[in-house]
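What follows is the residue order along each chain.
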Amino acid sequence: MDIGVISVRYARALLKSATDQKLEDAVYQEMQLLAKSYVEVPQLRQTIDNPMLSKDKKEALLLTAVGGQPTDLTRAFISLVLKEDREPVMQFIANSYVTLYRQQKNVIRGRLITAARVSPDTEQKMRRMVESKTNGTVEFETEVNPDLIGGFILEYDTYRLDASVKSKLNTILNTLK
């Protein structure tokens, strides 16, 4: 069976259970943390995939990766995944849950890249602008990149607005060539 199909089925079941118990937001935070743990600690995947490691140790590792004190639902879900020998797809399940949650709650990821640190007011204005255009909630992340020289780059959904000095200078340079 396809890994994508398996992970989406498990994630959909977890989201349904979490929604029924009104825990979807807490489980969302835990699945984000688990997905982030897999990215930041590549050895986690290798360790979880190791058939020589006991289920108890794998469970303890996964519980630590979701923040140490997960909801009872997440704890039971991890036990189920291990019981069904689906731990190799746990990373994909976490990512699928995050995606499904965002679709259900109409949450859009946005990113603002600036040459210098911006004030919280400016960040909030950009967030409100994106929320008004998308009619959804925006998870906004800001990043400082001095290479832009000035201006900003705003990315959300499938859109990208590049109003940086660097891109303007590159456009002028390409025109002159």
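Residues numbered from 1 in each chain as written. Predicted model: local features only at pLDDT ≥ 70, side-chain atom pairs only at ≥ 80, totals over all residues. Heavy atoms only, no water.

Caption draft 1: Highlighting the overall build of the protein chain. On a plain count of helices and strands, the protein chain comes out with eight helices and four strands. Secondary structure elements of the protein chain occur, N-terminal to C-terminal, as α-α-α-α-α-α-β-α-β-β-β-α. Over its C-alpha trace the protein chain gives a radius of gyration of 20 Å, far above what one expects of a compact globule, namely 16 Å for 177 residues. A total of 177 residues make up the protein chain; the buried ones form 37% of that total. If you take every contact in the protein chain between residues at least 6 apart in sequence, the share linking residues at least 24 apart comes to 66%. For the protein chain, the exposed area adds up to about 10,700 Å²; of that, 53% sits on carbon and sulfur atoms. For the protein chain, the separation between the mean place of its 25 positive charges and that of its 23 negative charges on side chains is 4 Å. (Helix = DSSP H or I, 4+ residues; strand = E, 2+ residues; numbered from the N terminus. Rg over C-alpha atoms; globule rule 2.2 N^0.38 Å. Buried < 20%, exposed > 50% of the residue type's maximum accessible area, 1.4 Å probe, protein only. Contact = heavy atoms within 4.5 Å. Areas by Shrake-Rupley, 256 points an atom, 1.4 Å probe, with all protein chains shown as cover. Lys, Arg positive; Asp, Glu negative; His and termini not counted. Charge placed at Lys NZ, Arg CZ, Asp CG, Glu CD.)

Caption draft 2: Structural detail: the nonpolar core. Core analysis: the largest hydrophobic core is formed by 32 residues, its most contacted members being Met31, Leu34, Leu62, Met90, Ile93 and Tyr97. For this core, the elements supplying multiple residues, two or more each, are helix H1 (3-20), helix H2 (24-40), helix H3 (42-49), helix H4 (55-65), helix H5 (72-83) and helix H6 (90-105). Per element, the largest residue contribution to this core is seven residues, and it comes from H6. Leaving out residues up to four positions away in the same chain, Leu34 has contacts with Leu62, Ala65, Val66, Met90 and Ala94. Ile108, Met126, Leu154 and Tyr156 belong to the second-largest nonpolar core, a separate cluster that totals eight residues. (Core = buried A, V, L, I, M, F, W, Y, C linked by side-chain atoms within 4.5 Å.)

Caption draft 3: Here's a closer look at the sheet that holds strand E2 (residues 137-144). Here four strands make up an open sheet; going across it, the order is E2-E1-E3-E4 and the pairing mixed. The two strands at the open ends of the sheet, each matched to only one other strand, are E2 and strand E4 (159-164). Strand-to-strand twist of the sheet, defined as the mean angle between neighbouring strand axes without regard to direction, takes the value 15 degrees. Sheet strands in contact with helix H7 (residues 120-134) are strand E1 (107-114), E2 and strand E3 (151-156), and its direction is about 140 degrees off that of E2. (Pairing = 2+ DSSP bridges. Axes fitted to C-alpha atoms, helices over the stretch in contact; angles between N-to-C directions.)

Caption draft 4: Main features of H6. Compared with the 22 Å implied by 1.5 Å per residue over 16 residues, the 22 Å span of H6 between its first and last C-alpha is a close match. Two residues or fewer after H6 comes Asn106, characterised by a positive phi angle close to 55 degrees. (Expected span 1.5 Å × (residues − 1).)

Caption draft 5: Broad picture of the pairing of E2. Alignment of E1 against E2, held across eight bridges, turns out to be parallel. Its bridge partner lying in E2, Ile113 is registered against Glu143. This β-α-β element, E1 to H7 to E2, shows right-handed connectivity. (Right-handed = clockwise from strand over helix to strand, strands pointing away.)

Caption draft 6: Structural context of the pairing of E3. Pairing between E1 and E3: five bridges, direction antiparallel. The partner of Arg111 across the bridge, within E3, is Glu155. Relative to E4, E3 is paired through six bridges, and the arrangement is antiparallel. Its bridge partner being in E4, Gly151 is matched across the sheet by Ser164. Adjacent in sequence and paired antiparallel, E3 and E4 are bridged by two residues, among which Asp157 carries a positive phi angle near 50 degrees.

Caption draft 7: Inspection of the packing of aromatic side chains at higher detail. Counted by the stated rule, this structure contains four aromatic pairs. Between Tyr10 and Phe77 the ring centres are 6.3 Å apart and the planes differ by 70 degrees, which places this aromatic pair in the edge-to-face class. Of this pair, Tyr10 sits in helix H1 while Phe77 sits in helix H5, and the two are 67 residues apart along the sequence. On the numbers, 3.9 Å between centres and 15 degrees between planes, the contact of Tyr28 with Tyr101 is stacked. A residue pair is termed long-range when its members are at least 10 positions apart, and Tyr28 in helix H2 and Tyr101 in helix H6 qualify at 73 residues. Residue Tyr101 is classed as buried on the basis of its relative accessible area of 8%. In this structure an aromatic cluster arises from ring pairing among Tyr28, Tyr97 and Tyr101. (Phe/Tyr/Trp six-rings, centres within 6.5 Å; stacked < 30°, edge-to-face > 60°.)

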